[in-house]
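These are the residues of each chain, in order.
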Amino acid sequence: MDQHESRNFRLFFLGALLIAVLLVYLGVLYSVQVVHHQDYATQSIRSIPRAETVEASRGIITDRNGRTLVSNRSTYNLTFDPSLLKEGENQNEAILRLIQLCQANGVDWIENLPVSRQLPYTYTLDQLGDTVLKSRFLSYLKALKPSREALTAYLLQHPDAVAPQSEEDPALPELSPPEGEVTPEQEAARQRELGEELLKLLSTRRLTAQLLTGAGITPQTLLEWMREDFGLSPALSLGEARLVLGIQYELYLRKLDTTVPYILAEDIDIEFISLINDGGYSGAKVTSSYAREIETSAAAHILGMVGPIYAEDDLEALRAKGYNGDDTIGRSGAEAAFEDYLRGTDGRRVVSVNSDGKITGEYYTRSPKPGNNVELTIDLKFQQAAEEALAATVSAMSEKDGNTTRGAGLAVVRVGTGEVLALVSYPMYDLAAYIQDNTYKAQLNTDESRPLVNRATTGRYSPGSTFKPLIAVAALEEGVVTLSERIMDSGRWYYPDIVAGTRQWWWNCWNRAGHGRLNVTQAITASCNTFFHELGYRLGIEKIDEYAEAFGFGKSTGIEIGDNPGLLAGPEEREARGEVWYGGDTVQAAIGQSDNLFTPLQIANYIATLVSGGKHYDAHLLKTAKTYDNSQVVAVGNKEPSNIVNISDSTLDAVKTGMHNLTKTTLAPYFNNCVVEAGAKTGTVQLGSEITNNGCFVCFAPYDEPEIAIALVIEQGNAGAQLASTAVSVINAYFTPDETETAVTGDNQLLP
């Protein structure tokens, strides 16, 4: 074959090949468009669009310097979606197969049917508590025909089960007298109507295992009814049926809100995801989510936790804000206080799925918007230093006297702003472990030392002599004493107003020998009870309380995580308890005793107000809230004082000098180690002759231009030297943040 013929052959071959390919393409096109047109059109029509909620990430929480305290960890959840099942697939079999996979791999699945998973079946209503979960179970019982009829019949026989227990509860319904004769059918209808009214009164508070069993709804009976309701095969064993019913129950509840997917298992690992994908588990879908990650072991009492929505929450208000019953919400601490900032806005996505369960398309109708980041006023390193200093002191005390239930609270407030720089409650605990470890959680919940209580904001303690600077301010500003007046202390103060025929009343100074003649500055340094008894008598309780309220006592500090308002001693409060206020109570209140009960945070904020010259700010933890990308400031903490206490320069100087002098005399062994000049005041809170006194201590620093105010209370701390050395450690940690300070522990010196 010559070259010309060879070239013609190749051209012919290529042309034939091209024609063959074209014919095949036309054949396929004809098959799709003509022969199988109806099949493909039907499949297209069967494409199922469904709306999904796309979870928005929660904002992170940082300290004032941007150190992360709480963040989000990306997780994967296993959801079960019946719409993903192929035509002809049995939903119950798919559920059982998926549960068996979880069992084989030690993965716990989520279902809240309050019936135990193993024989003998029992109700587990107590594990639900009075929550949305219990409310949902009651709704299901009222919707399931056999249980509804059983409950109605039971309540007709036992209406007392829903009888009013308080004035707020509705009265029992009654049948109106019939008009004329009624047939048996009419009377049965009247009884059914009455039963329906009684059933409406059955609330989650009254729903108990005893009531259900009394109505003939035993756990096993309920399971049989549910088995029929959800169409389970008789071939399933009772144990298998119980497992499947738990999931079917959850799927039923999700029908009430079609945009909320049923999460069968949370935070699954990659290995388990591979098993799901490789095993072809119908209805199973892996979705991405977020879990809160606690990044520090400090500040547990500040940060708080997220948790489920409960029945006692304002559900209507939450729904109006976009919440659904399965959402998590800030339940305590900063998580709850700043919920409106931290919570993101969930998105909406429409996903199209064909009859084979494959996703054919998706689009967002609303993109998810992450929550705002919240920057707290606390400094993490300073918080840790304060926790370590307080823990070391209390541990040393407990080791010495064997008191293992002793608690303590400490607060540090920035002068002139109300910012809380550190807030410590002892005993402390690990928040991350509390959330993740049920054994650890149970241990803390039963601990006699009550570590979950935030003593810094809710612990109420008498302030003792730390209250005396306030009395000095009130007395000087009201003119009942002058800077130069010297009052004689012989060791005992006698009450002037004696009723004829009664014995004279007196109170001893802590220094029984007396301090001699003192002015107000000297009296603060010496903590002379006699001097302040006299000032309290001259002021009267109304004026004392007026100043105490102005300094923030007897009301909330305003801190966002919540606190106890304390108790401000006075006639009104005493009379509310049906008791009498006497003149002697006034002079005792003037030295911080009587009924006075305040929190460490209130006491710290009072000292901050005093040394600022009277500017009283609400205590707060919010520094700023910013958008998730930190591009915009959404909110800032309080910047303006809530009120002003009139304190003249001379009064302020006299009081500060008295507190400063204390650090140069009695407290000199401890404040010699302080890196800045400071002022302080000790307090002894008497608890009885058989109980060691509480110790209370306040200080501020630096002396000339105060920046921080500190208050700490140690239960049965005996007002000893260790409180002073702990305060010095906290001051040093603030002003030398790069150094580790150790509290100087001296003898257990009793300080007034």
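Residues numbered from 1 in each chain as written. Predicted model: local features only at pLDDT ≥ 70, side-chain atom pairs only at ≥ 80, totals over all residues. Heavy atoms only, no water.

A. Spotlight on the overall build of the chain. From N to C terminus, the chain includes 29 helices and 23 strands. In the chain, 71% of the contacts between residues at least 6 apart in sequence involve partners at least 24 apart. Accessible surface for the chain amounts to roughly 36200 Å². Of this, 50% is attributable to carbon and sulfur atoms. (Helix = DSSP H or I, 4+ residues; strand = E, 2+ residues; numbered from the N terminus. Contact = heavy atoms within 4.5 Å. Areas by Shrake-Rupley, 256 points an atom, 1.4 Å probe, with all protein chains shown as cover.)

B. Inspection of the sheet that holds strand 22 (residues 694-701) at higher detail. Within the open sheet, the 5 strands sit side by side as 12-11-23-22-21. Their pairing is antiparallel. Strands with a single pairing partner mark the edges of an open sheet, and in this sheet they are strand 12 (420-426) and strand 21 (679-685). If you compare each strand with its neighbour and ignore which way they point, the axes differ by 5 degrees on average. Bridging between strand 11 (residues 408-414) and strand 12 involves 6 bridges; their strand directions are antiparallel. Each residue of the ladder has a partner; that of Val 412, found in strand 12, is Ala 422. Sheet contacts for helix 16 (residues 380-401): strand 11, strand 12 and strand 23 (708-714); angle to strand 12, the most-contacted strand, approximately 30 degrees. (Pairing = 2+ DSSP bridges. Axes fitted to C-alpha atoms, helices over the stretch in contact; angles between N-to-C directions.)

C. Seen up close, helix 6 (residues 145-157). In this model helix 6 runs 19 Å from its N-terminal to its C-terminal C-alpha over 13 residues, within 8% of the 18 Å that 1.5 Å per residue would give. If you check which residues of helix 6 are buried, you get Ser 147, Ala 150, Leu 151, Thr 152, Tyr 154 and Leu 155. (Expected span 1.5 Å × (residues − 1). Buried < 20%, exposed > 50% of the residue type's maximum accessible area, 1.4 Å probe, protein only.)

D. Representation of the packing of helix 9 (residues 219-229) against helix 10 (residues 238-254) in the model. The contact between helix 9 and helix 10 brings their axes to 10 Å, and the two run at 70 degrees. Here helix 9 lies roughly perpendicular to helix 10, going by the angle between them. The way helix 9 lies across helix 10 gives a crossing that is left-handed. Mapping the contact onto sequence places Gln 220, Leu 223, Glu 224, Met 226 and Arg 227 in helix 9 and Leu 238, Ala 241, Arg 242, Leu 245 and Tyr 249 in helix 10. For the contact of helix 9 with helix 10, the class distribution of residues is 6 nonpolar, 1 polar and 3 charged. (Parallel < 35°, antiparallel > 145°, perpendicular 65-115°, else oblique. Left-handed = near helix turned anticlockwise from the far one by under 90°. Nonpolar A, V, L, I, M, F, W, Y, C, P; charged D, E, K, R; others polar.)

E. A look at unusual backbone geometry. Cis peptide bonds are those with omega within 30 degrees of zero, and the linkage from Tyr 426 to Pro 427 qualifies with 5 degrees. For Pro 427, the location among the structural elements is in the loop between strand 12 and helix 17 (431-436). Omega for the peptide link from Ala 701 to Pro 702 comes to -15 degrees, which places this bond in the cis form. Structurally, Pro 702 can be placed in the loop between strand 22 and strand 23. Located in the positive-phi region is Asp 267, a residue other than glycine, with phi close to 55 degrees. Within the secondary structure, Asp 267 sits in the loop between strand 4 (263-265) and helix 11 (270-279). A positive phi angle is found at Gln 716, which is not glycine, with a value near 55 degrees.

F. Looking closely at the nonpolar core. Formed by 91 residues in total, the largest nonpolar core has its most connected members in Leu 376, Phe 531, Phe 551 and Phe 553. Per element, the largest residue contribution to this core is 8 residues, and it comes from helix 26 (residues 600-611). Once you skip the residues sitting within four places of it in the chain, Phe 551 turns out to touch Leu 470, Val 473, Tyr 606, Thr 609, Leu 610, His 616, Val 645 and Ile 647. (Core = buried A, V, L, I, M, F, W, Y, C linked by side-chain atoms within 4.5 Å.)

G. Spatial organisation of the pattern of salt bridges. Counted according to the given criterion, the structure contains 32 salt bridges. Arg 254 serves as the salt-bridge partner of Glu 250, at 2.8 Å between the closest nitrogen and oxygen. Placement of the pair is Glu 250 and Arg 254 together in helix 10, with a separation of 4 residues, close to one helical turn. Arg 254 shares its class with Glu 250; the two are buried. In this structure, Glu 573 and Arg 577 form a salt bridge, with 2.7 Å as the shortest nitrogen-oxygen distance. Relative accessible area serves as the criterion here: at 21%, Glu 573 is assigned to the partly exposed category. Sharing partners across several salt bridges, the network here consists of Glu 573, Arg 574, Arg 577, Glu 579, Asp 585 and Asp 595. (Salt bridge = Lys/Arg side-chain N within 4 Å of Asp/Glu carboxyl O.)

H. Expanded view of the confidence of the model for the chain. Here the chain averages 88 in pLDDT, and 88% of its residues register 70 or above. Per-residue pLDDT stays below 50 along residues 739-752; that stretch engages in 41 contacts with residues further than four places along the chain or on separate chains. (pLDDT = per-residue confidence, 0-100.)

I. Focus on the packing of helix 5 (residues 132-143) against helix 6. It is at 5 Å that the axes of helix 5 and helix 6 come closest, and there the two elements cross at 95 degrees. Between helix 5 and helix 6, the angle is such that the two are roughly perpendicular. Taken together, the residues of helix 6 that come into contact with helix 5 (itself represented by Leu 141, Lys 142 and Ala 143) are Lys 145, Ser 147, Arg 148 and Leu 151. Split by residue class, the contact of helix 5 with helix 6 holds 3 nonpolar, 1 polar and 3 charged.

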